[in-house]
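This is what each chain is made of:
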Amino acid sequence: MTIPVIFSTGSLYPFGLDRAYGWAAETGYEGVEIMMDERWDTHQYTYLSHLADRHGIPVLALHTPLYKGAWRLDPGETLVRSAGLAEKVGAPVVVVHPPPQGRLLSRWAEGPLKEGRAYDVSVAVENMPRHQARNVFSIRRRSCFRPEQLFGLGDVTLDTSHVAASGLDLMKVYGKLAGQLRHVHLSDSDLSGGDQHRLPGKGKLPLKEFLAALERDGYPGAVSLELKPWPLGTPNPDVIQKRMREALHFTREGLEG
């Protein structure tokens, strides 16, 4: 089965959703991942269905908001409602960040995560980048940056830039999480630190090896290009679309081994 290559609208968050969705279709992606935020366009069923019909490619993943809830709900309630929305629009996956360190992961897993999984969708918990403490009293580091912290949480999303930002080996992390893997966020890093989300092939991660392993192992999900706007050429539309095509070509070439 061919692994779909899709584009995260969060890669172009300074632009309107319609333009990012349209560029994904024009440059050949097989679907989109909607990065939800406070804008109603990103979590309104009728509008998302309209975009899918207009541009001819489906919504294949929803990503819950990064910092706040949607629909004026808290993050836990937003997770559950997002799973219902995903089922309604036909998106098979909801990507969700785990709660920050300091909140009980088990309570979250038995509450909103379990409720979201009552819908006919996969709710895939994303590995987080390790935040380096600025001083001995800092507790800014996120939970779930090591694969072991994701064991027992069911379906996961593997973000390659987050792996690099955590100082971990991508292929070793993949080997540990392959059985739980349901979604992939693909981007590159020069391994100098930080959560970079560079264009694939513009860094030092073994992305071609990783993509070949996904294909070889029968990975059941999609590969979603989750990048940053400026490496994509923002604000120049021609450069953006050129680089989107190049990233798509790189990814498909890697999946073909």
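For every chain, the first residue of the written sequence is number 1, and numbering continues from 1 along that sequence. For a predicted model such as this one, the threshold for reporting local features is a pLDDT of at least 70, and the threshold for listing and counting side-chain atom pairs is 80 or more; totals across whole chains, interfaces and linings nevertheless cover every residue. Think of the side-chain values as coming from all heavy atoms in the structure, minus any hydrogens and water.

1. A short note on the packing of aromatic side chains
Here is step 1: Note on aromatic contacts: the rings of Phe and Tyr and the six-membered ring of Trp form a pair at centre separations within 6.5 Å, being stacked when their planes are under 30 degrees apart, edge-to-face when over 60 apart, and tilted otherwise. Following the criterion strictly, the structure yields four aromatic pairs and no others.
Here is step 2: Each ring, one from Phe15 and one from Trp23, has its centre 5.2 Å from the other, and the planes form 70°; the classification is edge-to-face. Like Phe15, the residue Trp23 is buried in the burial classification.
Here is step 3: Taking the ring centre of Tyr45 as reference, the NZ or CZ of Lys88 above it sits at 4.4 Å. Here's how the labels work: a residue is buried when its accessible area is under 20% of the maximum for its type, exposed when over 50%, partly exposed in between, all with a 1.4 Å probe on protein chains only. Only lysine NZ and arginine CZ atoms are considered, and such an atom sits over a ring when it is within 6 Å of the ring centre and within 35 degrees of the ring normal.

2. Considering the side chain of Ser189
Here is step 1: Runs of H or I in DSSP of at least four residues are treated as helices and runs of E of at least two as strands, each being numbered from the N terminus. Examined against the element boundaries, Ser189 turns out to sit in the loop between β7 (181–186) and α7 (207–216).
Here is step 2: Accessibility expressed as a relative area gives 0% for Ser189, which makes it buried.
Here is step 3: A distance of 3.0 Å separates the side chain of Ser189 from the backbone nitrogen of Leu191, its partner in a polar contact.
Here is step 4: The criterion used for residue contact is that any of the two residues' heavy atoms lie within 4.5 Å. With sequence-adjacent residues up to four places away left out, Ser189 is seen in contact with Ala164, Gln196, Arg198, Gly203, Lys204 and Leu205. Under this definition, polar contacts are N or O atom pairs within 3.5 Å; protein pairs additionally need one hydrogen-donor-capable and one acceptor-capable atom, and for neighbouring residues in sequence, both atoms have to be side-chain atoms.

3. Re the confidence of the model for the protein
Here is step 1: Every residue is assigned a pLDDT by the predictor, reflecting its confidence on a scale from 0 to 100. Residue-level pLDDT values for the protein average 93, and 94% of them are 70 or greater.
Here is step 2: Of the regions scoring below 50 in pLDDT, residues 133–141 engages in seven contacts with residues more than four places distant in sequence or in other chains.

4. Some details on the side chain of His183
Here is step 1: Inspection of the secondary structure assignment puts His183 in strand β7.
Here is step 2: A distance of 2.8 Å separates polar atoms of two side chains, one belonging to His183 and the other to Glu33.
Here is step 3: Setting aside anything within four residues of it in sequence, one finds His183 in contact with Ile6, Glu33, Ala61, Val93, Val95, Val156, Thr157, Leu158, Tyr219, Ala222 and Ser224.

5. As for the environment of Tyr21
Here is step 1: Mapped onto the secondary structure, Tyr21 falls in helix α1 (residues 17–26).
Here is step 2: Expressed as a C-alpha distance, the spacing of Tyr21 and Gly56, which sit 35 residues apart in the sequence, is 9.9 Å.
Here is step 3: The contacts of Tyr21, once residues within four sequence positions are left out, are Val32, Ile34, Leu51, Ala52, His55, Ile57, Pro58 and Val59.
Here is step 4: In terms of polar contacts, Tyr21 uses its side chain to reach the backbone carbonyl oxygen of Ile57, at 2.6 Å.

6. A look at the pairing of β7
Here is step 1: Burial within β7 is extensive, with six of its six residues counted as buried.
Here is step 2: Pairing between strand β6 (residues 156–159) and β7: four bridges, direction parallel. Along β7, the bridge assignment pairs Asp159 with His185.
Here is step 3: By the criterion used throughout, a crossover qualifies as right-handed when its path from the first strand across the helix to the second strand runs clockwise, the strands pointing away from the viewer. Between the parallel elements β7 and strand β8 (residues 223–225), the chain passes through α7 in a crossover that is right-handed. Any two strands are treated as partners once DSSP identifies two or more bridges connecting them.

7. Some details on the environment of Glu38
Here is step 1: The topology assignment puts Glu38 in the loop between β2 (32–35) and α2 (45–55).
Here is step 2: Between the C-alpha atom of Glu38 and that of Lys68, which follows or precedes it by 30 residues, the distance is 7.7 Å.

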